[in-house]
Amino acid sequence: MNKVFSNKPIWIAGIVMGLIGLILVLTYWFYFRDSFIVKNSDDNIDAKLTITPTVSETATSIPSITQIIVTIPPKADMYNTADFINFPISKQQSIGEFAPNDLIILPSLYSTKTIRVSNLIKDDLIKLIDAAKTDGITLKVVSGYRSFGEQKVLFNNYVSNERKSNSSLSEAELEAKANTYSAKPGHSEHQLGTTVDISSSEVNYQLISDENAKYAKWLEENASKYNFTISFEKNNPEYIYEPWHLRWRG
Ligand code: DAL
Ligand code: ZN
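Note that the structure is predicted; figures quoted are calculated from it, not measured.

**Student:** How do you make sense of the sheet that holds strand S7 (residues 245-248) when you look at a structure like this?
**Tutor:** Sheet strands pair via backbone hydrogen bonds, and the direction of the pair is either parallel or antiparallel. An order of S4-S5-S7-S6 is seen for the four strands of this open sheet, with the pairing classed as antiparallel. Single-partner strands in this sheet number two, and they are strand S4 (139-143) and strand S6 (228-230). With strand direction ignored, the average angle separating the axes of adjacent strands in the sheet is 40°. The sheet strands contacting helix H6 (residues 122-134) are S4, strand S5 (195-200), S6 and S7, and the helix crosses S4 at an angle near 135°. The sheet strands contacting helix H9 (residues 214-222) are S4, S5, S6 and S7, and the helix crosses S5 at an angle near 135°.

Take a look at the structure:
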């Protein structure tokens, strides 16, 4: 027998220390074993399952409005949209730099691009488009809220277009021409957030000033059921006939 095994106190101490070590290792393993397991990417599956379902996971034919409406936080200096529902905007009467305080983004099913409107009109607007669908007319919103600045850019573009085809006209004459179909900044009902332009697949979502278009007839007959009025009827004193331009009147 060699010297170590013949020295009883030393090997007993060794065994005791070994056992203590083993206990320490096992205790450590028990409490920290999770951190030794190599995770694959699917370990996030639980997290995925607890995420609120997205629209595509819950949608049936038409997603519920509450799931898909995106609310735009109002800026502090915005006005109360509800106070301006029937504000008399015209070529004479401006709303200055009014901006609505309750803009939302319309669900994409109902619009041809990203379009903001007042939250006040969303229910009626969606009901109107759904009702048209039931009658075989596919409608979409092609324009909604336009800020003072956006209307200014739009109006100036129309003036530029007019200049290209009427080079002999004065600036005032060009503006007057553009102003037969486009409001000047501060004078557009679109700035309220409660006005939309609606068109149809029938005319490739263009704005066609044709009273015989099926969508125009449908809007003429049905818009008021959903609290919308066609602001610029045939022979109105302000602008060309705009069967697509609907203002919500509450
Ligand atoms: N097209 C209408 C008049 C607007 O620009 O508000
Ligand atoms: Zn319009």
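Let us keep going from here.
**Student:** Can you help me understand H9 in this one?
**Tutor:** Three- or four-residue spacings in an α-helix give side chains the same orientation, since the helix completes a turn every 3.6 residues. For H9, the full list of buried residues reads Tyr215, Ala216, Trp218, Leu219 and Asn222. Down the axis of H9, the sector holding all buried residues measures 165°, keeping them to one side. Those residues of H9 that are exposed and angled more than 90 degrees off the buried face are Lys214 and Glu221. Turning to H9, the residues buried within the fold contact H6, S4, S5, S6 and S7.

**Student:** Honestly, the coordination of the zinc ion (ligand 2) in this entry has me stumped. Any pointers?
**Tutor:** For a metal with four donors in a tetrahedral arrangement, the ideal angle between donors is 109.5 degrees, while six donors in an octahedron ideally sit at 90 or 180 degrees. Binding of the zinc ion (ligand 2) to the protein goes through His190 (NE2), Asp197 (OD) and His245 (ND1), at separations of 2.0 to 2.1 Å. The sequence pattern describing where the donors of the zinc ion (ligand 2) fall on their chain is H-x6-D-x47-H.

Reading guide: rules and limits
- Residues numbered from 1 in each chain as written.
- Chains lettered and ligands numbered in written order.
- Predicted model: local features only at pLDDT ≥ 70, side-chain atom pairs only at ≥ 80, totals over all residues.
- Heavy atoms only, no water.
- Pairing = 2+ DSSP bridges.
- Helix = DSSP H or I, 4+ residues; strand = E, 2+ residues; numbered from the N terminus.
- Axes fitted to C-alpha atoms, helices over the stretch in contact; angles between N-to-C directions.
- Contact = heavy atoms within 4.5 Å.
- Buried < 20%, exposed > 50% of the residue type's maximum accessible area, 1.4 Å probe, protein only.
- Arc of directions from axis to C-beta.
- Donors = N, O, S within 2.8 Å, 3.2 Å for Na, K, Ca; no water.

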